[in-house]
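# Per-entry structural report
Now for the letters of each chain:
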Amino acid sequence: MAYDTGILFREDSYLKEINATVLAINDRGGIVTDQTVFYATSGGQPGDTGVFVRDSGSTVNIAATITGETKEEIIHIPAADQPSVTVGETLMLRIDWDRRYKLMRMHTACHLLSVVCPFPITGAAVSEDDSRVDFDLPDAGVTKEDITRKMMELVEANHPIFTRWITDEELAANPGLIKSKNVRPPSGTGRIRLVCIGENASVDSQPCGGTHVATTGEVGTIHIGKIEKKGKENRRFRIRFGALPEGV
Ligand SMILES: [Zn+2]
């Protein structure tokens, strides 16, 4: 059976820890709790790592977080040789916040890139110090200096970022919201989470289940490290933290 985990990062991506009760342990040792702040790998964003603190004070290191049979079931994967927990046990779940915050900044930077590069997205992957977004774009016709400058204008404008939920019908009536060429947002659950940038979503809105920072300013200084050709029709943009190196 699939469990429904209370997924707290959807409403507040800044929650670092929460108390939870163990609902189940699967045959590979994965731990399901009644609620969690751990993001599960999805949509190009890696799942959280962190630690579970037991009442005794001993800890269980969590190496990965994934979804189970449904997107509502979240499974925490302990690192090797950790103590086992028991069903019904209460734990304090704490994510590796430094890592998650970098992932939130990087993931948000991917949204900014999709605003300044309004082409269909064919793939994306976020990591702690580097992210990539692939566009269906036969001829780049843009430079990393131009794209970096436009992304930094959005960062410096410090636009608010917020989420709102819409219905499947509202999404069907606004097909322009979907930027991914191959990946359709999950529909059929009745509601879709939109990530909006700017007052009244004036800069952007798109379906996304990931974690983001609250303002574009929090992304900080970023640059396009590389624009690579990936096959005839694709260009891969790499985003990195820090300023564009001079004279490269
Ligand atoms: Zn997102």
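Preceding this paragraph is the structure being described.
Let me sum up the structure you'll find in this document. The structure presented is a predicted model; accordingly, all values stated were derived computationally and were not measured. Each chain carries its own residue numbering, running from 1 in the written order of its sequence. It should be noted that, the model being predicted, local features are given only for residues of pLDDT at least 70 and side-chain atom pairs only at 80 or more, the latter also being counted only at that level, while totals for whole chains, interfaces and linings use all residues. Each side-chain value is worked out from all heavy atoms of the structure, with water and hydrogens disregarded.

Quick look at the pattern of salt bridges now. For this document, the term salt bridge refers to a Lys or Arg side-chain nitrogen within 4 Å of an Asp or Glu carboxyl oxygen. Scanning the model with the defined rule gives 12 salt bridges in all. In this structure, Arg 236 engages Asp 134 in a salt bridge whose closest nitrogen and oxygen atoms are separated by 2.7 Å. With Arg 236 in strand β15 (residues 234-241) and Asp 134 in strand β10 (residues 130-136), the pair connects residues that are 102 residues apart, well separated along the chain. A simple rule labels every residue: compare its accessible area, found with a 1.4 Å probe on the protein chains alone, to the largest value its type can have, and call it buried under 20%, exposed over 50%, or partly exposed in between. In this structure Asp 134 comes out as buried when scored by relative accessible area, which is 9%. What you see here is one network of salt bridges that share partners, running through Asp 130, Glu 228, Arg 238 and Arg 240. Numbered from the N terminus, helices here are DSSP runs of H or I no shorter than four residues, and strands are runs of E no shorter than two.

This part takes up the sheet that holds β15. Two strands pair under a simple rule: DSSP has to find at least two bridges between them. Reading across the sheet, the four strands line up as β9-β10-β15-β14 and stay open at both edges, with antiparallel pairing between neighbours. Pairing within the sheet leaves two strands with one partner each, and these edge strands are β9 (121-126) and β14 (222-230). The sheet shows a mean angle of 15 degrees between the axes of neighbouring strands, direction not considered. As paired elements, β10 and β15 share seven bridges and run antiparallel to each other. Considered in β15, the bridge of Asp 130 is made with Arg 240. Throughout, a contact is declared for two residues whenever any of their heavy atoms are within 4.5 Å. Orientation is described by axes fitted as lines to C-alpha atoms, over the contacting stretch for helices, and by angles from 0 to 180 degrees between their N-to-C directions. Sheet strands in contact with helix α1 (residues 97-116) are β9, β10, β14 and β15, and its direction is about 140 degrees off that of β15.

Moving on: the coordination of the zinc ion. Counted as donors are the N, O and S atoms within 2.8 Å of the metal, or 3.2 Å for Na, K and Ca, while water is not among the atoms, so some sites may look incomplete. In this structure, His 107 (NE2), His 111 (NE2), Cys 208 (SG) and His 212 (NE2) serve as the protein donors to the zinc ion, at separations of 2.0 to 2.2 Å. Each donor residue of the zinc ion lies on one chain, and together they are spaced H-x3-H-x96-C-x3-H. Of this pair, His 111 sits in helix α1 while Cys 208 sits in the loop between β13 (204-207) and β14, placing them 97 residues apart in sequence. Overall, Cys 208 belongs to the buried group, its relative accessible area being 17%.

As a further point, take α1. The span one expects for a helix is its residue count, reduced by one, times 1.5 Å. Helix length check: α1, at 20 residues, gives a terminal C-alpha distance of 29 Å against a target of 28 Å (1.5 Å per residue), a fit within 8%. Among the 20 residues that make up α1, 16 are buried, leaving the element largely enclosed by the rest of the structure. The residue sitting at the N-terminus of α1 and contributing the capping side-chain oxygen is Asp 96; that oxygen lies 3.4 Å from the backbone nitrogen of Asp 98. We define a polar contact as two N or O atoms separated by no more than 3.5 Å, with the added condition that, inside protein, one atom must be a possible hydrogen donor and the other a possible acceptor, whereas residues neighbouring each other in sequence contribute only through side-chain atom pairs.

A word on the sheet that holds strand β12 (residues 191-197). The strand order across the open sheet formed by three strands is β11-β12-β13, and the pairing between neighbours is antiparallel. For this open sheet the edge positions go to β11 (161-167) and β13, each flanked by a neighbour on one side alone. Sheet twist, expressed as the average angle between the axes of neighbouring strands with direction ignored, equals 30 degrees. Packed onto the sheet, α1 meets β11, β12 and β13 and runs at close to 115 degrees relative to β13.

To form a nonpolar core, buried Ala, Val, Leu, Ile, Met, Phe, Trp, Tyr and Cys residues must be joined to one another through side-chain atoms within 4.5 Å. Membership of the largest hydrophobic core comes to 43 residues, with the highest contact counts inside it found for Leu 113, Met 151 and Ile 239. In terms of residue count, α1 provides more of this core than any other element does, nine residues in total. In this structure, Ile 239 is in contact with Met 106, Ala 109, Cys 110, Leu 113, Asp 129, Asp 130, Ser 131, Met 151, Ile 222, His 223 and Ile 224, ignoring residues within four places of it in sequence. One finds Leu 171, Ile 192, Leu 194 and Cys 196 within the second-largest nonpolar core, a separate group that totals seven residues.

In short, geometric facts, not functional conclusions.
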